[in-house]
Amino acid sequence: MKLKLTWLLTLFMAFVMQFSFAQEKTITGTVTTADDGLPLPGANVIVKGTARGAQTDFDGKYSIKASSGEVLVFSYVGMKNVEMTVSASNTIDVSLQTDNTLDEVVVTGYRTQSKVTSSVSSVRVTAETIENRPNASFVQTLSGQVPGLNITTSTGQPGGNSLVQLRGVSSINGNTEPLFIIDGAPVDEDNFRSLNPQDIASIDILKDAGATAIYGNRGANGVIVIKTRQGNFNQGLKINYNGFIAYNTLQDNDYNAMSAQELLTYERTRGNGAGAGNSSGKFNPGAGTPLTDAQIAAAPNFNWTDFFFRTGVTQNHTLSLSSGSENTSQFTSFGFSDTQGILRDSDLKRFNLRSNITGKSSNEKFRYATNLTVNYSKSNEPNSIGSGAINRNYILGAYISVPYITPDDYIDGADLLSPLSFTNTPLFLLDRLNTYTRFEEEVKIVGSANFSYALTDWLTANAVLSADYQSEFLTRAEDPRSFNALLFGGAENPTSGFQQQNTNRAFSYNQVTSLNFNKTFADKHTIDVGLYTEYFKAHFRTFGYFGNGLDPRTFFPGDGSALIPTANGLFVDNPQANILNAGLFSYFGSLEYDYDEKYGFAATLRRDASYRFAGSNRWATFWSVSARWNISNEAFMEGSAFNNLKLRASYGTAGNQDIVGGGLFGGPDLTEDFFATTAGYGNANSIALSQLGNRSLRWETIATTNIGVDFGVWNNRLRGTFEVYERQTTDLFQSTPLSATTGVTSQSANTGELFNRGLDIDIDYDILRPTDPDGLRISVGVVGNYNETELKDLPNTEGEIIGLGRNGGILNEYFTLRYVGVNPANGNLLYLTANGNVTENPDADNDRVWLGKNIIPDWNGSFDVNLDYKGFFLTTQFNYVTGVDRFDNDYGGDLVDQNSVGQFNLSSDLFREWTTPGQVTDIPSPNAANLNSFGNSDRFLRDASFLRLRFASFGYSFPEKYLENTGLTNARVFLNGENLFTWSEWRGFDPETRSNGSRVYPTPRTISVGVELGF
Amino acid sequence: MKKFNKILFVGLLAVLMGCNDAIDIRQPGRLDAANAFGNVEDLELGVLALYNQMDVTPKISMAANFTDEIAIGFDSGGQGIALYDFVLNAGSTAASDFWVRNFRVNNRCTILIEAAANITPDASEQDAYDNALAQAYFIRAYANFELLLYFSPDPRDDSALAAPVIDFVAPLSIQPLRNTTGELWDYINADIATASTLSTVQSDPLFISRDAINALRARMAATRGDYPTAETLAGNLVASYPLASTVNYQLMFLDASNAEVIFKLERTQNDSYDGQGATGSVSAGGWAGAIFAFVDATLDGSPYFEMDRSVFNLLDPSDIRYTVNVAPTSVINPNYDTDPDPVNTDKLVIQKYPGSEGQPLMNDLKVFRSAEMLLIQAEARAAQNNLGGAAQLVKQLRDARFGSPQALPSYGSIADAFADILQERKIELCYEGHRYEDLKRIGPAANVGIERDNTDCTTQSGACTLSATDFRFTLPIPIVEINANPAIGGQQNPGY
């Protein structure tokens, strides 16, 4: 009864209020920019405290219904808000000032709010710094732009995956990459090759627990929220074209590879190889007598690096159309790009279509938005990159092929079979280039729909439905006439060769439904409450075949005509198929309170369930609290140099359920013991143990503490953010060594702790800030992050695990023998014992020590300098990374490997090798007694710190006066460069590669030119 | 509006109720442990998985690479050089392979043996049930015997430390210490006795039979120094499995005859060993022939290991073993020892594993042959001071291999006889994984160690000889075990 009465009262109140505000009139006016007085299209006009709003049209004009006494708020991204109270006049013209406090709006959780009232750590990257960069994946472009966000691209394959880590490494085996959300849809964090970076409007990077706890089950490593471009209401058709062409080239190395003449001379000295007259390769085979000086001088000298690598040409075109009527708007874009990798046979072609539509009911209570992108890409991707396969890894051929063999020595694959010689490595690979096919085709569709209904002024119901569909299709085939097929087929099987086709399809569906309450009381108290549920389900399907045996008469890659039926145990084809399903469910709430934009408090609470822990600890609870104090809004700050000063702090927890780091479907049921029906003895079917379960599996929990200060002084001429944080991961899922007597040597379990502690710095300073828009503007900025890791409670009594680290030490600390040099007496290698004594024969086990070094950066970030003058602009970004120590295995394992003389090219450093007693040098004698005895030492451990001109852009924006009568509203030309210069002690091709592997595909240096046109 | 709220509430409720399909997911295609072994047929399929865990390529690789069977080949890419230089320590692959692999086999066998206890076979199934168990016990005994051979410094000293005895499914928290050699012998003997009782098959070249069990017992007896038992068991097997004719001997290594095979492990197209494996590693796990060459057993097959001259020089071209072991494409330089470039002028390609079923380098792995039994019998006779009887047996083998009567050797002492038997084993059983075990067992008594041909080893770093009493004839407890079980590190074998 009481309830009924309340509802009646509410209805009555609503009636009264509507009645009392019925004296509405139509206000019109023009919004201009204060800088140049030009009309500003797309500016928002809102009646304060209501959902009523409008946007300015192409001429900066607007029209809105409001009553006397109401307040109109005019806003535009990058401009300061202006509030005007409606009085007797029906016309209100406003001019907006540029606001140098960029990042006006921040995304927190599932909604946006103003930067002022946000109490969390987040950074926005806008379209300006993303568009027109010649990287196939937008993730590469973010490198260095956000403090704490470390992006490492270890492959030059166009569209290749990058490692994205926010504030260190929070897990040993689990996922360490942030959650990516595009227009509300959570997407695969490892695959962006099919998406068009030019569609992106903004990227928000959410860093602390206050911001990410609400993403609970997947937000433990930060969240990257991507919004794509939208049309505006009441906007005429706008057409935009931008295109660029880019040239990709190989970055240099410093290995001093020998010329043919140097190598032959060295081989002659060593008595091994073509120079010594005992090679079985194509050049000077088996003649038996060493080459004379004249013969060496006459030998061909071919550069195989320039053969396997090339100048890759990229072209990229994007055409977008946007328009809007009173209640709907749309943004459509078409993209095409063709990126050639610098490695031959690697490329990416892509076609993109995007359609974003927004709409609202005429009473503005109901709003909706749909975002859909459909993409197709095809990429040639050579495999075996990074391997030691001399017949498969082109990179190996590029780095260490002997220069006295040339492509002219190649006839066909059959010719290389006998004599079979390592020295012919480049010819094996040349044959593979001609006969091997491997490409991936991909369809990627990301769609989301967003509905909201304003039940009252202060209560909104929302639903976000989204889906990510990805279908990858792999084709690879080895021609039966190829060297590899003939070699491994042998005489018994002249129609060897294989063809493999495989399809992977992954579909994920995410649904968030919520009820949001937002109300301001007594003008100063604003309360925001949200109640949510999130449902997530994903499905993975794969199938394919591996067909052995191809008939050369009918062979064509991808076509099945050439497949040969099984005969005599040969040509057995292997089919495969797999189904995996995944799911998550959560419910959660958030509460936020603001007092007069001075003080604020927020909290979230979340319950999460993961399918992975169904057999153990399915549900977990995560929470966060955060608070802020806008000091600059206090009365006592009036008149100070600070126009913005905000102190904020947060603490909270988030869970990582992807504890094996295998994506959505990895480790789906690790709690169980399984047997499998599988091939056994004599290839007969058998039942074998396949998994020993861990019954106590649970979430990794990451607790983050964050304290930050945002400031702006002298009218924001100097502005920035300082933050310190600690991230504590507990219940780390890691390999725990087990006695081999258990039948296994390790099992992964939740044990131990890992800390990441560090600070983020982001400072910008306008050295010159002109009053005249054509004046010279110079600004500089620094982005930095320092992070250190610490391990705790490792799962054994010593508190140390080789390969991982030790208690109190850093993550992945190197543990190995210390190499100290070459013994001048005999040319042997010298090492240190654990006690620091020099020895030629260390104990390979007990003389290893912890080195205090790892491959994870200490400092990383960037410096930037930007200039603007009369439409010309110059942008530069220098990235730096320190504290990365890597084994230079391209050098140590290949170019100074004295055992490979006669087979591969070597570094001319070997001319320094020890020959006579008393000689002091860094290269041991090739006959040193312990040359091959201690493979693992720090001999080739190198500092891979670097400073790099990551990006530079120079361009010109044509002033509007030149564009009159051309039909253009906007025109810009630019010249961009990526990875232009690198300063580093690292001798290899790319210090950025985060791996201790060798023979990998380095990232290119890129120069591009482009135009941007608006119609 | 109230209605809308109601709808919303019901909607939220529906979502909450419907959430279980997202978090209670059973992946398709899983076989739970509880359902894996329900009947005798399941058990038999389980035994096939146990067989698949058996591999003798590690010991073939160990014997070849570490002792005096191979030389670094002209097409070497650096494979196996550390082991060739006698570098062996707790971090070596050899140590972890022999330890981890055999304990894995022990574990899988025990799981099956325990699962079998829950199956009650019908009378018609009893034989199949018993025979399945017999095979599981045998495979477990074989694995533990290998642990004993490689980790006990002296298999004839019952008080020496060997490996832990794990006759149960070990809990994951276990950190066992080493048992004595005597205790490990007891475990192996008990398993072999059970296998012997349960086995229902007398002879089968591809599966474990009573004859295979007896062959293992003969080898075990010789290892432990129980020569009377060894002589009896080996003698009986030689009687049942006569030595192959020269023709059949050749066919045997092409997998076209089982003439003197007591037990071999089948290797076939597309099985889990059908591949190159990790070349140059004791833990290779691929084709047996890939221990020596990348592609095939010819000069063009990229042999990274070649035949050591110390083997070649013992092979008479009229001996069928020359034909079997030396590839016809080999380049033989009689003056190799004075040639300035022996690596490239003297290329001896090993052909013991030429391939089968059209797959180069893939051959069945001979575990027990009657020639080995005959040599065990000879060794047992010599050890019991029956030197004439030993000589008679060695002659019997040579007669068979030459296809014509050979001179009767004469031995002046047990050491003489042992030395000659070791030499005969070196060519009869070369590349079959015996040399390391043989030198450890009777090398000191015969005063024989690793003796590589001088030319071959000096072109490398000069590792030419190693006494059979060297500590490296016992493997160290591997680091991978010490990491999980630190106390066992305090029981490391001498010398490491």
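Residues numbered from 1 in each chain as written. Chains lettered and ligands numbered in written order. Predicted model: local features only at pLDDT ≥ 70, side-chain atom pairs only at ≥ 80, totals over all residues. Heavy atoms only, no water.

## Structural notes on the overall build of chain A
Next up, step 1: Regarding its fold elements, chain A presents eleven helices and 52 strands.
Next up, step 2: For 1015 residues, the compact-globule formula gives about 31 Å, and the C-alpha radius of gyration of chain A, at 32 Å, lands near that figure.
Next up, step 3: For the C-alpha atoms alone, the extent of chain A along its principal axes is close to 105 × 70 × 65 Å.
Next up, step 4: Going through the 1015 residues of chain A one by one, you find that 56% of them count as buried.
Next up, step 5: Looking at chain A alone, contacts between residues at least 24 apart form 69% of all its contacts between residues at least 6 apart.
Next up, step 6: On chain A, roughly 39800 Å² of surface is accessible, and the fraction owed to carbon and sulfur atoms is 56%.
Next up, step 7: The positive charge centre, built from 77 side chains, and the negative charge centre, built from 106, are 6 Å apart in chain A. (Helix = DSSP H or I, 4+ residues; strand = E, 2+ residues; numbered from the N terminus. Rg over C-alpha atoms; globule rule 2.2 N^0.38 Å. Buried < 20%, exposed > 50% of the residue type's maximum accessible area, 1.4 Å probe, protein only. Contact = heavy atoms within 4.5 Å. Areas by Shrake-Rupley, 256 points an atom, 1.4 Å probe, with all protein chains shown as cover. Lys, Arg positive; Asp, Glu negative; His and termini not counted. Charge placed at Lys NZ, Arg CZ, Asp CG, Glu CD.)

## So, the side chain of Asp42(B)
Next up, step 1: Within the secondary structure layout, Asp42(B) lies in helix 4 (residues 40-53).
Next up, step 2: Apart from residues no more than four positions distant in its own chain, Asp42(B) is found in contact with Ile687(A), Ala36(B) and Phe37(B).

## Some points on the sheet that holds strand 43 (residues 838-839) of chain A
Across a sheet, paired strands are connected by hydrogen bonds in the backbone, their directions being either parallel or antiparallel.
All names here are of chain A.
Next up, step 1: The three strands lie next to each other as 41-42-43, forming an open sheet whose pairing is antiparallel. At either margin of the open sheet sits one strand with a lone partner, and together these are strand 41 (818-822) and strand 43.
Next up, step 2: Sheet analysis places strand 42 (residues 829-832) next to strand 43, joined by two bridges and oriented antiparallel. Counterpart to Leu-832 in the pairing with strand 43 is Val-838. (Pairing = 2+ DSSP bridges.)

## What to know about the packing of aromatic side chains
Next up, step 1: Applying the stated rule across the entire model yields 65 aromatic pairs over all chains.
Next up, step 2: Summarising the aromatic geometry, the rings of Phe422(A) and Phe294(B) are spaced 5.8 Å apart at their centres and angled 45° between planes, so their arrangement reads as tilted. Within this pair, whereas Phe422(A) is found in the loop between helix 7 (394-400) and helix 8 (425-435), its partner Phe294(B) is found in the loop between strand 3 (261-265) and strand 4 (305-307), the two belonging to separate chains.
Next up, step 3: Overall, the relative accessible area of 11% leaves Phe294(B) in the buried class.
Next up, step 4: Summarising the aromatic geometry, the rings of Phe863(A) and Tyr880(A) are spaced 5.0 Å apart at their centres and angled 35° between planes, so their arrangement reads as tilted. (Phe/Tyr/Trp six-rings, centres within 6.5 Å; stacked < 30°, edge-to-face > 60°.)

## Details of helix 5 (residues 57-66) of chain B
Next up, step 1: The buried count for helix 5 of chain B comes to ten of ten residues, which makes it a mostly enclosed element.
Next up, step 2: Taken as a whole, helix 5 of chain B has its buried residues at Thr57(B), Pro58(B), Lys59(B), Ile60(B), Ser61(B), Met62(B), Ala63(B), Ala64(B), Asn65(B) and Phe66(B).

## Thoughts on helix 11 (residues 227-240) of chain B
All names here are of chain B.
Next up, step 1: An ideal rise of 1.5 Å per residue puts 20 Å on 14 residues; helix 11 measures up with 20 Å between its terminal C-alpha atoms.
Next up, step 2: Along helix 11, the residues that are buried comprise Tyr-227, Ala-230, Leu-233, Ala-234, Gly-235, Leu-237 and Val-238.
Next up, step 3: Where the residues of helix 11 are buried, they touch helix 10 (210-224), strand 3, helix 16 (370-383), helix 17 (387-402), helix 18 (414-428) and helix 19 (435-446). (Expected span 1.5 Å × (residues − 1).)

## Here's the deal with the state of the cysteines
All names here are of chain B.
Next up, step 1: Within the structure shown, the criterion is met by one disulfide over all chains.
Next up, step 2: Covalently, Cys-457 is tied to Cys-464 through a disulfide, its sulfur atoms 1.9 Å apart. Here the disulfide of Cys-457 and Cys-464 is right-handed, its torsion about the S-S bond being about 105°. One exposure class covers both Cys-457 and Cys-464, and it is buried.
Next up, step 3: No disulfide involves Cys-430; its sulfur sits 18 Å from that of Cys-457, the nearest cysteine. (Disulfide = S-S within 2.5 Å.)

## Describing the environment of Trp623(A)
All names here are of chain A.
Next up, step 1: Looking at where Trp-623 falls in the secondary structure, it is placed in strand 28 (residues 619-630).
Next up, step 2: For Trp-623, a relative accessible area of 35% translates into the label partly exposed.
Next up, step 3: Once residues lying within four places of it in the same chain are set aside, the contact partners of Trp-623 are Ala-213, Thr-604, Leu-605, Tyr-651, Gly-652 and Thr-653.

## Some words on the environment of Asn39(B)
Residues and elements named next belong to chain B.
Next up, step 1: Here Asn-39 shows up in the loop between helix 3 (33-36) and helix 4.
Next up, step 2: Owing to a relative accessible area of 34%, Asn-39 belongs among the partly exposed residues under this scheme.
Next up, step 3: Distance from Asn-39 to Ser-318, taken between C-alpha atoms, is 54 Å for residues 279 residues apart in sequence.
Next up, step 4: A polar atom in the side chain of Asn-39 sits 3.0 Å from the backbone nitrogen of Glu-41. (Polar contact = N/O pair within 3.5 Å; in protein donor to acceptor, adjacent residues only side chain to side chain.)

## Points about the nonpolar core
Next up, step 1: Among the nonpolar cores identified, the biggest contains 201 residues, and Met62(B) and Phe138(B) are the most heavily contacted of them.
Next up, step 2: The element that contributes the greatest number of residues to this core is helix 8 (residues 126-151) of chain B, accounting for 17 residues.
Next up, step 3: Membership of the second largest hydrophobic core comes to 23 residues, among which are Val139(A), Leu142(A), Leu166(A) and Ile200(A). (Core = buried A, V, L, I, M, F, W, Y, C linked by side-chain atoms within 4.5 Å.)

## Some points on the pattern of salt bridges
Any two side chains of opposite charge can pair, given that their charged atoms come close.
Next up, step 1: If you walk through the whole model with that rule in mind, you get 74 salt bridges over all chains.
Next up, step 2: Asp760(A) is paired through a salt bridge with Arg167(A); the nearest N and O atoms lie 2.9 Å apart. Within this pair, whereas Asp760(A) is found in strand 36 (residues 753-768), its partner Arg167(A) is found in the loop between strand 12 (163-166) and strand 13 (179-182), the two being separated by 593 residues in sequence. The pair Asp760(A) / Arg167(A) is uniform in exposure class, with both members buried.
Next up, step 3: One salt bridge connects Asp438(B) with Arg425(B), and the closest N-O pair in it is separated by 2.7 Å. (Salt bridge = Lys/Arg side-chain N within 4 Å of Asp/Glu carboxyl O.)

## Some words on unusual backbone geometry
All names here are of chain A.
Next up, step 1: In this chain, Ser-418 is followed by Pro-419 through a cis amide linkage whose omega measures -5°.
Next up, step 2: Position of Pro-419 among the secondary structure elements: in the loop between helix 7 and helix 8.
Next up, step 3: Positive phi outside glycine occurs at Asp-345, with the angle close to 70°.
Next up, step 4: Structurally, Asp-345 is set in the loop between strand 19 (328-340) and strand 20 (347-360).

## Some remarks on the interface of chain B and chain A
Next up, step 1: Counting residues at the interface gives 83 residues for chain B, matched by 79 residues for chain A.
Next up, step 2: Note on chain B versus chain A: buried area summed over both sides is about 6700 Å², and carbon and sulfur give 63% of it.
Next up, step 3: Per-residue buried area on chain B facing chain A is highest for Ile23(B), Gln27(B) and Leu172(B); these three make up 10% of the total on that side.
Next up, step 4: Between the two partners, chain B and chain A, sit three salt bridges.
Next up, step 5: Our enumeration of links across chain B and chain A arrives at 20 residue pairs in polar contact (both at pLDDT 80 or more).
Next up, step 6: Among the residues making up the side of chain B that touches chain A, the classes are represented as 45 nonpolar, 21 polar and 17 charged.
Next up, step 7: The pairing of strand 30 (residues 674-679) of chain A with strand 1 (residues 31-32) of chain B spans two bridges and is antiparallel. From the neighbouring strand, Phe674(A) faces strand 1 of chain B, where its bridge partner is Asp32(B). (Buried area = accessible area lost by both parts, 1.4 Å probe. Nonpolar A, V, L, I, M, F, W, Y, C, P; charged D, E, K, R; others polar.)

## Details of the confidence of the model for chain A
Residues and elements named next belong to chain A.
Next up, step 1: Per-chain confidence: chain A averages 88 in pLDDT, with 95% of residues scoring 70 or above.
Next up, step 2: Here residues 1-22 is a poorly scored stretch, pLDDT under 50, and it has three contacts once near neighbours within four places are set aside; other chains count.
Next up, step 3: Per-residue pLDDT stays below 50 along residues 100-104; that stretch engages in 13 contacts with residues further than four places along the chain or on separate chains. (pLDDT = per-residue confidence, 0-100.)

## Regarding the UniProt feature "domain: RagB/SusD" (unreviewed entry) in chain B
Next up, step 1: Per the UniProt record, "domain: RagB/SusD" (unreviewed entry) is annotated on residues 333-496 of chain B.
Next up, step 2: End C-alpha atoms of residues 333-496 of chain B are separated by 40 Å, and the span's content is 46% helix alongside 8% strand. (UniProt positions renumbered as here; feature names shortened; annotations may be inferred.)

## Some points on the sheet that holds strand 1 (residues 24-33) of chain A
Residues and elements named next belong to chain A.
Next up, step 1: An order of 4-1-7 is seen for the three strands of this open sheet, with the pairing classed as mixed. Looking at the sheet topology across the chains shown, the edges are occupied by strand 4 (61-67) and strand 7 (94-96). The average angle at which neighbouring strand axes cross in this sheet is 40°, direction not considered.
Next up, step 2: Summarising the sheet, strand 1 and strand 7 pair through three bridges and their orientation is parallel. Paired with Thr-33 across the strands is Leu-96, a residue of strand 7. (Axes fitted to C-alpha atoms, helices over the stretch in contact; angles between N-to-C directions.)

## A few points about the packing of helix 16 of chain B against helix 18 of chain B
The geometry of a pair of packed helices is captured by two quantities: the angle between their axes and the separation between those axes.
Residue and element names in this part refer to chain B.
Next up, step 1: Packing of helix 16 against helix 18 brings their axes to within 9 Å, and their N-to-C directions diverge by 170°. The pairing of helix 16 with helix 18 is recorded here as roughly antiparallel in orientation. Only Ile-414, Ala-417, Phe-418, Ile-421, Glu-424, Arg-425 and Glu-428 of helix 18 make contact with helix 16, whose side of the interface consists of Ala-371, Glu-372, Leu-375, Ile-376, Ala-378, Glu-379, Ala-382 and Ala-383.
Next up, step 2: Here the residues of the contact of helix 16 with helix 18 sort into ten nonpolar, no polar and five charged. (Parallel < 35°, antiparallel > 145°, perpendicular 65-115°, else oblique.)

## Looking at a nonpolar patch on the surface
Next up, step 1: On the surface, a nonpolar cluster with roughly 700 Å² of combined accessible area is contributed by Ile245(A), Tyr247(A), Val313(A), Phe872(A), Leu874(A), Phe954(A), Leu975(A), Ile1007(A) and Val1009(A).
Next up, step 2: Those elements giving two or more residues to the nonpolar patch turn out to be strand 17 (235-249), strand 46 (872-881) and strand 52 (1005-1014) of chain A. (Patch = residues over 30% accessible without salt bridge, like charges linked within 9 Å, V, L, I, M, F, W, Y side chains within 5 Å.)

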